Amino acid sequence: MKKANVILIGFAGTGKSTVGKALSEQLGWQFIDTDQRIEELQGVSITEMFQTMGEQAFRTVESEVIDRTLKVENQVVSTGGGAVLAERNRARMQESGIVINLTATKEIIITRVSKDQSRPLVQGNVEEKVTALMESRKHAYDFADLAIDTSELSVTEIVERIAAVL
Ligand SMILES: Nc1ncnc2c1ncn2[C@@H]1O[C@H](COP(=O)(O)OP(=O)(O)O)[C@@H](O)[C@H]1O
Ligand SMILES: O=C(O)C1=C[C@@H](OP(=O)(O)O)[C@@H](O)[C@H](O)C1
Ligand SMILES: [Mg+2]
């Protein structure tokens with residue numbers, strides 16, 4: 001295998017948290033979801049963090065968690081959809097693992113993220129919010145080593161595809 005960790009990036013709802021957990025079980029590796037880590041560290045939900053501290057404070061904690069997490073090897077690391085926005089985070093990811101971009105069509109993303117209220121950036125008019133955010137992040141995930149369109153694939157199929165390139 002090329003590098004020490006598998007790092008999943010991609011827009012919200014592409015399946016990073018779900019696929020990451022399943023892949024870690026298949027590989028027998030530690031699974032880290034950076035959003036889950038942030039919530040554990042802060043003792044509040046991401047939605048509450050956005051409300052009380054604001055997005056910038058969340059991004060600062062997110063960068064710290066990414067830094068700390070990527071000091072360790074042999075992990076599957078699922079990141080949040082906006083983790084790629086900071087150059088510092090992208091650099092850490094590229095030097096610490098194989099970076100895999102999970103993608104999906106806008107329609108599929110809307111269906112998937114509409115099922116829960118845990119993503120503050122795509123609440124309210126979900127279609128409008130997802131459309132605008134996808135447009136502004138059009139090239140944000142291009143630095144990945146590999147991209148997988150998850151729209152028509154089961155979680156098991158995605159895990160198999162990733163395992164095949166390790
Ligand atoms: N390949 C898939 N096919 C169908 N549903 C999926 C797939 N991957 C994830 N999901 C569902 O989509 C939703 C978002 O998945 P999640 O893993 O939280 O994405 P992310 O971490 O990228 O935001 C969840 O309800 C999850 O069960
Ligand atoms: O796209 C984003 O900026 C965000 C995506 C979320 O993670 P998922 O991509 O796992 O939903 C979470 O980090 C936070 O709500 C912000
Ligand atoms: Mg997630």
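To keep things clear, this report deals only with the structure shown in the data block. (Residues numbered from 1 in each chain as written. Chains lettered and ligands numbered in written order. Predicted model: local features only at pLDDT ≥ 70, side-chain atom pairs only at ≥ 80, totals over all residues. Heavy atoms only, no water.)

## Quick notes on the packing of aromatic side chains
The relation between two aromatic rings is expressed through the spacing of the ring centres and the mutual angle of the planes.
(1) Moving on: Applying the stated criterion to the full structure yields 1 aromatic pair.
(2) Moving on: Measuring from centroid to centroid gives 5.0 Å for Phe50 and Phe58, while their planes differ by 45 degrees, and the two rings are tilted. The exposure classification of Phe50 matches that of Phe58, with both residues buried. (Phe/Tyr/Trp six-rings, centres within 6.5 Å; stacked < 30°, edge-to-face > 60°. Buried < 20%, exposed > 50% of the residue type's maximum accessible area, 1.4 Å probe, protein only.)

## Quick look at the site of ligand 1
(1) Moving on: Near ligand 1 lie 15 residues; those nearest to it are Gly13, Lys16, Ser17, Thr18 and Leu153.
(2) Moving on: Within the contact set of ligand 1, an oxygen atom lies 2.9 Å away from a side-chain nitrogen or oxygen of Ser17.
(3) Moving on: At 2.9 Å from a nitrogen atom of ligand 1 is found a main-chain nitrogen or oxygen belonging to Leu153.
(4) Moving on: Here ligand 1 has 560 Å² of accessible area as a free molecule, and 73% of this is covered by the chains.
(5) Moving on: Residue assignment for the shell around ligand 1 shows that the elements contributing at least two residues are α1 (16–27) and α8 (155–165).
(6) Moving on: In terms of residue count, α1 provides more of the shell around ligand 1 than any other element does, 3 residues in total.
(7) Moving on: A breakdown of the residues in the shell around ligand 1 according to their chemical character gives 5 nonpolar, 7 polar and 3 charged. (Near = heavy atom within 4 Å. Polar contact = N/O pair within 3.5 Å; in protein donor to acceptor, adjacent residues only side chain to side chain. Areas by Shrake-Rupley, 256 points an atom, 1.4 Å probe, with all protein chains shown as cover. Helix = DSSP H or I, 4+ residues; strand = E, 2+ residues; numbered from the N terminus. Nonpolar A, V, L, I, M, F, W, Y, C, P; charged D, E, K, R; others polar.)

## As for the sheet that holds strand β1 (residues 5–10)
(1) Moving on: Strand order in the open sheet made by the 5 strands is β2-β3-β1-β4-β5, with parallel pairing throughout. Two strands close off the open sheet at either side, each with one partner strand: β2 (30–33) and β5 (146–149). Strand-to-strand twist in this sheet, taken as the mean axis angle between neighbours without regard to direction, amounts to 20 degrees.
(2) Moving on: Across 6 bridges, β1 lies against strand β4 (residues 97–103) in parallel orientation. Counted as the bridge partner of Ile9 is Asn101 from β4.
(3) Moving on: Helix α2 (residues 34–42) rests against β2 and β3 (75–78) of the sheet, and its axis sits at about 70 degrees to β2.
(4) Moving on: The strands touched by α8 are β1, β4 and β5; relative to β5, the strand with the most contacts, the crossing angle is about 160 degrees. (Pairing = 2+ DSSP bridges. Axes fitted to C-alpha atoms, helices over the stretch in contact; angles between N-to-C directions. Contact = heavy atoms within 4.5 Å.)

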